[in-house]
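Per-entry structural report
Chain by chain, the residues:
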Amino acid sequence: DKAGLISLLGSLQRQGAGGLFGAGVGVDAKKSDQYVTYMGQAGISLPDESYYRDPKHQEIRDQYVAHVAAMFKLAGVSDAEAQASRVLALETLIAKHHWDRVKRRDRTLTYNKKTFGELEDLAPAIDWKTWFANLGAPKLDEVVVAQPDFFTAASNLVKEVPLDDWKTWLRWRLIHDAAPMLSKVFVDEDFAFFKKTLSGTPEQEPRWKRGVGVVSGALGEAVGGLYVEKHFPPAAKTRMKELVDNLIAAYREDISKLDWMSPETRAKALDKLSKFRPKIGYPDKWRDYSKLEIDPEDLLGNIRRA
């Protein structure tokens, strides 16, 4: 039902599979001493809204439907061509309410701070408590909404669009998100459309390079630790720390003697210098991956858990 749809959208957002809305945490653009959750439009697979309406992109749209149908067939979805057309139809409805690239670049227009209650009023068909709970986020007092009218439109679409169309769209979102981690036929078909047709990338990187990229992305400091163990002994870090400490001491001495600085400016400069935090080679405290479950038979699950 529609309640289950909202619950699933939150869960998929947590897994990185995406949904109707994007969400992330960043420094508050108007209150730089604190963080805030930013939310924005999402829900489409082509680069931006113009790909769904502009006649010059008709060939891309046709190729997109063919690609979605091919992926559905690989995944064992019946009536793949018709299902792919439904995906395009729903994404076209969603894209109709997307802001264009120019409007999205306006830092003032896209900064709309809302209380949780105001977010609920903005998009009443979305059970935001359930969505955030399944995202794994705490209850938030406020969020910054980039495109408020998109949220209202998306809320209306949730009410108006038949549940079966949302199910078809969600199947596509799952397959598309998982494609790079599935078997070769999925990987090749995904590359052919999204990288070759859309981006002009002539050929895939070798499989070993993609593998290294996946491991580095999921276990970056664990990989770094192996490198450090082999090539960057503690004595090397100690030497570099001494060098940087000497450099900071030289700056401190130099700043203290500058005759063009007022006492107030000098005090601020020295205070700023005292807050310098060198990062040399590797962290003093490594990230702990002990709770991450790695199963040699479950690549996609490993990525999700990472």
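Coordinates for the structure precede this section.
Please read these numbers as outputs of a predicted model, since none were measured by experiment.

**What about the pairing of strand β1 (residues 21–28)?**
- In this structure, β1 lies alongside strand β2 (residues 31–41), joined through 8 bridges in antiparallel fashion. Counterpart to G26 in the pairing with β2 is V36.
- With antiparallel pairing between neighbouring strands as the criterion, β1 and β2 make up a hairpin whose turn holds 2 residues.

**Remarks on the pattern of salt bridges**
- On inspection of all chains with the given rule, the structure shows 14 salt bridges.
- Between R53 and E49 there is a salt bridge, with the nearest N and O atoms lying 2.7 Å from each other.
- Between D177 and R304 there is a salt bridge, with its nearest N and O atoms 2.8 Å apart. Note that D177 is positioned in helix α9 (residues 163–178) and R304 in helix α15 (residues 299–305), a separation of 127 residues in sequence.
- Here D177 falls in the partly exposed class, since its relative accessible area comes to 23%.

**Looking at a nonpolar patch on the surface**
- Side chains of V25, V27 and Y35 sit close together on the surface and give an oily, nonpolar patch of about 360 Å² of accessible area.
- By the secondary structure assignment, Y35 is in strand β2.

**Some words on helix α3 (residues 58–74)**
- With 17 residues, α3 extends 25 Å from end C-alpha to end C-alpha; this agrees with the ideal 24 Å at 1.5 Å per step.
- Regarding α3, the residues found buried are I60, R61, Y64, V65, H67, V68, A69, M71 and F72.
- Buried residues along α3 sit against α2 (50–53), α4 (80–95), α9 and α10 (184–197).
- Phi turns positive one or two residues past the end of α3, at G76, with a value near 80°.

**Considering the packing of aromatic side chains**
- The full count for this structure, using the stated rule, is 16 aromatic pairs.
- Ring centres of F21 and F151 lie 4.7 Å apart, and the angle between their planes is 25°; this geometry places the pair in the stacked category. Of this pair, F21 sits in strand β1 while F151 is found in helix α8 (residues 148–160), placing the two residues 130 residues apart along the sequence. In terms of burial, F21 and F151 fall into one category: buried.
- When the ring of F116 is compared with that of F132, the centres are 6.0 Å apart and the planes differ by 50°; the resulting orientation is tilted. Remark: F132 occurs in helix α7 (residues 128–135) and F116 occurs in helix α6 (residues 116–122); sequence separation between them is 16 residues.

**So, the environment of V65**
- Relative to the assigned elements, V65 resides in helix α3.
- What makes V65 buried here is its relative accessible area of 17%.
- A C-alpha to C-alpha distance of 5.5 Å links V65 and A84, two positions 19 residues apart in sequence.

**Comments concerning the side chain of S45**
- You can see S45 is positioned in the loop between β2 and α2.
- Beyond its immediate chain neighbours, meaning those up to four positions away, S45 contacts Y52, Y64, E91, W172, R173 and F194.

Thresholds, definitions, all that
- Residues numbered from 1 in each chain as written.
- Predicted model: local features only at pLDDT ≥ 70, side-chain atom pairs only at ≥ 80, totals over all residues.
- Heavy atoms only, no water.
- Pairing = 2+ DSSP bridges.
- Helix = DSSP H or I, 4+ residues; strand = E, 2+ residues; numbered from the N terminus.
- Salt bridge = Lys/Arg side-chain N within 4 Å of Asp/Glu carboxyl O.
- Buried < 20%, exposed > 50% of the residue type's maximum accessible area, 1.4 Å probe, protein only.
- Patch = residues over 30% accessible without salt bridge, like charges linked within 9 Å, V, L, I, M, F, W, Y side chains within 5 Å.
- Areas by Shrake-Rupley, 256 points an atom, 1.4 Å probe, with all protein chains shown as cover.
- Expected span 1.5 Å × (residues − 1).
- Contact = heavy atoms within 4.5 Å.
- Phe/Tyr/Trp six-rings, centres within 6.5 Å; stacked < 30°, edge-to-face > 60°.

These values are about where atoms sit, not about what they do.
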